[in-house]
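Listed below are the residues making up each chain.
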Amino acid sequence: MTQPMDETPLLSVRGLTKHFVGRNGRTVHAVEDVSFDIRRGTTVGLVGESGSGKTTAGRSILRLVEPSGGQAIFDGTDIFALNPREMKDWRKRLQIVFQDPYSSLNPRMRIDAIIGEALDARGYPRGAKRRERIAELLTLVGLPPEYSRRFPHEFSGGQRQRIGIARALAVEPDFIVADEPVSALDVSVQAQVLNLLGDLQQKLGLTMLFIAHDLSVVEYLCDEVVVMYLGRVMERGPSRQVYAQPRHPYTKALLATAPVPDPTRKRTHVPLQGDIPSPINPPSGCVFRTRCPVAIDACAQTIPPVDHIGGNHHVACIRHGEL
Amino acid sequence: MAAIAQSGFREPNLLMKMASRPTAMAGLLIIIAMIVLALLAPVISPYDPAQLAVRNRLQPPSWQHLFGTDDLGRDVFTRVLYSGRTSITVGFAVVIFASIIGVFLGLMAGFFRRLDAPVSRLIDAMMAFPDILLAIALVAALGASATNVVIALGVVYAPRLARVVRASTLVIRELPYVEAARALGVPTPVILVRHVLRNLTSPLLVQATFIFANAILAEAGLSFLGVGISPDIPTWGTMISVGRQYLDQAPWIMWFPGGAIIITVLSLQLVGDGLRDFLDPRLAKDV
């Protein structure tokens, strides 16, 4: 884990909200009032089950889906307030690595063309220098530069993911959203790609939002963690603190269900029952109360505020004090 | 995993796949043969397609006149070859013209949500007309000429292509590589061509082959009905139209251009079927 280089956050997300309006007029509350900061040179993990809105949150920050509300102050500018033309100039500072390494590369383009497209976006001139740059990028992600004339189908999942990372890095971004970059890979390859991301982050001083549903991956890679459930932030804080002392019942449940390589360890927690409720009709009050082992009547009354409980640790639970 | 990348594995190309399908390959070879015959018409045949020889009229097939002669004594074999030039050229031009309109409409409808409803309704409206009827109406409005036949048939077949393009675009639009391009700030027209159009060439090629076959048939129909290309340019349709009057005395005038249409259209359909089997995105493993 890297030490923070600067205390002012590179990215401040405030009240990010994304509603999808369906054809039948019903609204999907995908992301609801999400706020967090990412300091320069650090990695923040965004975790939650499928359907928690973590991917939508990540894409909204890049405006790959247009956010419905909120702000994202990136290096002093609210990028949600930019018009599409202004946004184009900012895009090269914010990049994304996708979950599926198969559909994230155009099957009809050779590797040098895929990376070249990113170089074009930066206005990189054509010629020998460009080929050198492509070779350099491939080497950076641990691929032999000779592979540049090949097509994506000639590579394995892990190699494709490396190409996707090279494409994102080609524009020399400050900030990368890694959207579950290893969850589609074989376990044996996951560690390699994670190590690559960690190394690159340190080497290039990248700031990263790492989206995952696997808590152990986040613990390994992230300085801070944001736990989402049904579009809302349940708990956020420094990884070490959240992992050692989870304060939200949801975080506790998630940590309890995470596999630990210790066969003698007893399960201390009842795993979560049932499925995540529909974001079309989220529960009143605290969205987690329908599956919460410690829910009380009051939980249905008010949406719990995200309370600051020391350090950078925040939790959204009305009972965090008593439990 | 590395083994695959290092062995330089390549997917079998189109021709290799075609070869594994005898019917499609036969179709392809026949089409190529028809095109070569049409192109080499002056070399193959010693006759002029317009040369009248009234004393020789209505001769049955012989070594002198392989397919016999017509009512004005013109060599039917020669006229079938020269007609092939017109029919195949018109068919191909229709494919190109329909593709330009169809791809444009399909991309617009598929990629831009706001344009989807109006463009799709336009496509539906066009497809509600019977093909030949719409073509006749258009040719009647524009005037009978080869160019206008191409325009009319292009307009008739463009909606089919537009539908195929729209459906594929709807799928491709949501793929992460399109999102990656957007994240890089690649201009939308470039995304449309480089990422969307390039990945729907397969269904497009399949559909274009079928339209090629249909266009040849439709052009023959228009010419037969006398609303097509002017009668002094030989086409298979006009030949049949003339031959019909002599069906009981000289049926060969009609047989041979009819046979040429059947063989060409059937071969194109076989090629289209074969292409669809291994190129259609719903069956293929990629895309």
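All values reported here derive from a predicted model rather than from experimental measurement. (Residues numbered from 1 in each chain as written. Chains lettered and ligands numbered in written order. Predicted model: local features only at pLDDT ≥ 70, side-chain atom pairs only at ≥ 80, totals over all residues. Heavy atoms only, no water.)

**Focus on the overall build of chain A**
Consideration 1: The helix and strand inventory of chain A stands at nine helices and twelve strands.
Consideration 2: Taken over C-alpha atoms, the radius of gyration comes to 20 Å for chain A, in line with the 20 Å a tight globule of 323 residues would show.
Consideration 3: Counting only C-alpha atoms, chain A reaches 70 × 50 × 45 Å along its principal axes.
Consideration 4: Residues counted as buried form 53% of the 323 residues belonging to chain A.
Consideration 5: For chain A, the proportion of contacts with a sequence separation of at least 24, taken over those separated by at least 6, is 65%.
Consideration 6: Accessible surface, chain A as shown: approximately 14200 Å² in total, 49% of it carbon and sulfur.
Consideration 7: When the 39 positive and 35 negative side-chain charges of chain A are each reduced to one mean point, those points stand 4 Å apart. (Helix = DSSP H or I, 4+ residues; strand = E, 2+ residues; numbered from the N terminus. Rg over C-alpha atoms; globule rule 2.2 N^0.38 Å. Buried < 20%, exposed > 50% of the residue type's maximum accessible area, 1.4 Å probe, protein only. Contact = heavy atoms within 4.5 Å. Areas by Shrake-Rupley, 256 points an atom, 1.4 Å probe, with all protein chains shown as cover. Lys, Arg positive; Asp, Glu negative; His and termini not counted. Charge placed at Lys NZ, Arg CZ, Asp CG, Glu CD.)

**Looking at the interface of chain A and chain B**
Consideration 1: With 28 residues of chain A in contact, the opposing surface of chain B contributes 27 residues.
Consideration 2: Considering only the surface of chain A that becomes buried against chain B, Leu64(A), Arg108(A) and Glu117(A) emerge as the three largest contributors, covering 23% of it.
Consideration 3: Across the chain A-chain B interface, the total number found is two salt bridges.
Consideration 4: The residue Glu117(A) makes a salt bridge to Arg194(B) at a minimum N-O spacing of 2.6 Å.
Consideration 5: At the junction of chain A with chain B, the criterion picks out 13 residue pairs in polar contact (both at pLDDT 80 or more). (Buried area = accessible area lost by both parts, 1.4 Å probe. Salt bridge = Lys/Arg side-chain N within 4 Å of Asp/Glu carboxyl O. Polar contact = N/O pair within 3.5 Å; in protein donor to acceptor, adjacent residues only side chain to side chain.)

**Overview of the UniProt feature "transmembrane region" (unreviewed entry) in chain B**
Consideration 1: Listed under "transmembrane region" (unreviewed entry) in the UniProt record, and renumbered for this structure, are residues 24-47, 88-112, 132-158, 204-229 and 252-272 of chain B.
Consideration 2: A distance of 14 Å separates the end C-alpha atoms of residues 132-158 of chain B, which is 89% helix and 0% strand. (UniProt positions renumbered as here; feature names shortened; annotations may be inferred.)

**A word on the UniProt feature "domain: ABC transmembrane type-1" (unreviewed entry) in chain B**
Consideration 1: Under the present numbering, the feature "domain: ABC transmembrane type-1" (unreviewed entry) in UniProt falls on residues 84-272 of chain B.
Consideration 2: As annotated, residues 84-272 of chain B has a helix share of 83% and a strand share of 0%, and its two end C-alpha atoms lie 20 Å apart.

**What about the side chain of Ser87(B)?**
Consideration 1: By secondary structure assignment, the location of Ser87(B) is in helix α5 (residues 76-111).
Consideration 2: For Ser87(B), the residues in contact, after removing those within four places along its chain, are Ile216(B), Glu219(B), Thr235(B) and Trp236(B).

**With respect to the confidence of the model for chain B**
In low-pLDDT segments, the atomic positions of the prediction should not be examined closely.
Residue and element names in this part refer to chain B.
Consideration 1: Mean pLDDT over chain B: 88, with 93% of residues reaching 70 or higher.
Consideration 2: The low-confidence segment residues 1-9 (pLDDT under 50) makes 15 contacts with residues lying over four places distant or belonging to another chain.
Consideration 3: Note that residues 283-287 has pLDDT below 50 and, in this model, eight contacts with residues that lie over four places away or in other chains. (pLDDT = per-residue confidence, 0-100.)

**What about the nonpolar core?**
Consideration 1: Core analysis: the largest hydrophobic core is formed by 120 residues, its most contacted members being Ile165(A), Phe210(A) and Tyr157(B).
Consideration 2: Of all the elements, α5(B) adds the most residues to this core, at 14 residues.
Consideration 3: Discounting residues that sit within four places of it in the chain, Phe210(A) has contacts with Thr43(A), Val44(A), Gly45(A), Leu46(A), Ala178(A), Pro181(A), Leu194(A), Leu197(A), Val217(A), Val218(A), Leu221(A) and Cys222(A). (Core = buried A, V, L, I, M, F, W, Y, C linked by side-chain atoms within 4.5 Å.)

**Concerning the sheet that holds strand β5 (residues 77-78) of chain A**
Residues and elements named next belong to chain A.
Consideration 1: Strand order across the open sheet formed by four strands is β2-β1-β4-β5, with antiparallel pairing between neighbours. What marks the edges here is a single partner per strand, and that holds for β2 (27-39) and β5.
Consideration 2: Both strand β4 (residues 69-74) and β5 contribute to a ladder of two bridges, which runs antiparallel. The partner of Phe74 across the bridge, within β5, is Thr77.
Consideration 3: Together, β1 (9-21) and β2 form the strand contacts of helix α1 (residues 54-61), whose direction differs from that of β1 by roughly 115 degrees. (Pairing = 2+ DSSP bridges. Axes fitted to C-alpha atoms, helices over the stretch in contact; angles between N-to-C directions.)

**Regarding the environment of Leu204(A)**
Residues and elements named next belong to chain A.
Consideration 1: Structurally, Leu204 can be placed in helix α6 (residues 187-204).
Consideration 2: When the C-alpha atoms of Leu204 and Glu172 are compared, they prove to be 8.8 Å apart, with 32 residues separating the residues in sequence.
Consideration 3: Residue contacts for Leu204: discarding those within four places in its chain leaves Leu140 and Leu169.

**Topic: empty space enclosed by the protein**
Residues and elements named next belong to chain A.
Consideration 1: Counted according to the given criterion, the structure contains four cavities of 30 Å³ or more.
Consideration 2: Approximately 90 Å³ is the volume attributed to the largest cavity.
Consideration 3: Lining the largest cavity are 14 residues, with Cys286, Cys292, Cys299, Cys317 and Ile318 sitting closest to its centre. (1 Å grid on protein atoms, 1.4 Å probe; cavity = no way out; pocket = protein on both sides within 12 Å on 5 of 7 lines; lining within 4 Å. Points joined across faces, edges and corners; volume = space filled by probe spheres on them.)

**As for the packing of aromatic side chains**
Residue and element names in this part refer to chain A.
Consideration 1: Counted under the stated rule, the structure contains ten aromatic pairs over all chains.
Consideration 2: Within the aromatic cluster, the residues linked to one another by ring pairs are Phe74, Trp90 and Phe175.
Consideration 3: Above the plane of the ring of Phe20 lies Lys18, whose end atom (NZ or CZ) is 4.9 Å from the centre. (Phe/Tyr/Trp six-rings, centres within 6.5 Å; stacked < 30°, edge-to-face > 60°. Lys NZ or Arg CZ within 6 Å of the ring centre and 35° of its normal.)

**As for the sheet that holds strand β6 (residues 94-97) of chain A**
Residues and elements named next belong to chain A.
Consideration 1: Read from one edge to the other, the open sheet built from eight strands follows the order β6-β7-β8-β3-β9-β10-β12-β11, with strand pairing classed as mixed. Bordering the open sheet on either side are β6 and β11 (307-308), each of which pairs with just one other strand.
Consideration 2: Where β6 and strand β7 (residues 175-179) come together, four bridges link them in parallel fashion. For Gln95, the partnering residue across the bridge sits in β7 and is Ile176.

**Details of the layout of surface pockets**
Gaps between atoms show up when a probe of the same size as a water molecule is rolled over them.
Consideration 1: One number sums up the size of the largest pocket: a volume of about 1200 Å³.
Consideration 2: What lines the largest pocket is a set of 28 residues, among which Leu64(A), Glu66(A), Phe111(B), Arg113(B) and Arg182(B) lie closest to the centre.
Consideration 3: Those elements that place two or more of their residues in the lining of the largest pocket are β1 and α2 (84-91) of chain A together with α6 (113-128), α9 (176-183) and α10 (188-196) of chain B.
Consideration 4: Top element by residues in the lining of the largest pocket is α2(A). It accounts for four residues.
Consideration 5: Grouping the amino acids of the lining of the largest pocket by side-chain chemistry returns twelve nonpolar, three polar and 13 charged. (Nonpolar A, V, L, I, M, F, W, Y, C, P; charged D, E, K, R; others polar.)

**Quick notes on a nonpolar patch on the surface**
Residue and element names in this part refer to chain B.
Consideration 1: A contiguous nonpolar patch, built from Leu29, Ile32, Ile35, Val36, Leu37, Leu39, Leu40, Val43 and Ile44 and spanning about 770 Å² of accessible area, is present on the exposed surface.
Consideration 2: For the nonpolar patch, the secondary-structure elements that each account for two or more residues are α3 (22-39) and α4 (41-44).
Consideration 3: The greatest single-element share of the nonpolar patch, amounting to six residues, is contributed by α3.
Consideration 4: Its place among the elements puts Val43 in helix α4.
Consideration 5: Among the residues examined, Val43 registers a relative accessible area of 67% and is labelled exposed. (Patch = residues over 30% accessible without salt bridge, like charges linked within 9 Å, V, L, I, M, F, W, Y side chains within 5 Å.)

**A closer look at unusual backbone geometry**
Residues and elements named next belong to chain A.
Consideration 1: Of note, the phi angle at Asp75 is positive, near 50 degrees, even though the residue is not glycine.
Consideration 2: Inspection of the secondary structure puts Asp75 in the loop between β4 and β5.
Consideration 3: Residue class for Asp75 comes out partly exposed when judged on its relative accessible area of 33%.
Consideration 4: Here Glu180, not a glycine, exhibits a phi torsion of approximately 45 degrees, which is positive.
Consideration 5: Within the fold, Glu180 resides in the loop between β7 and α6.

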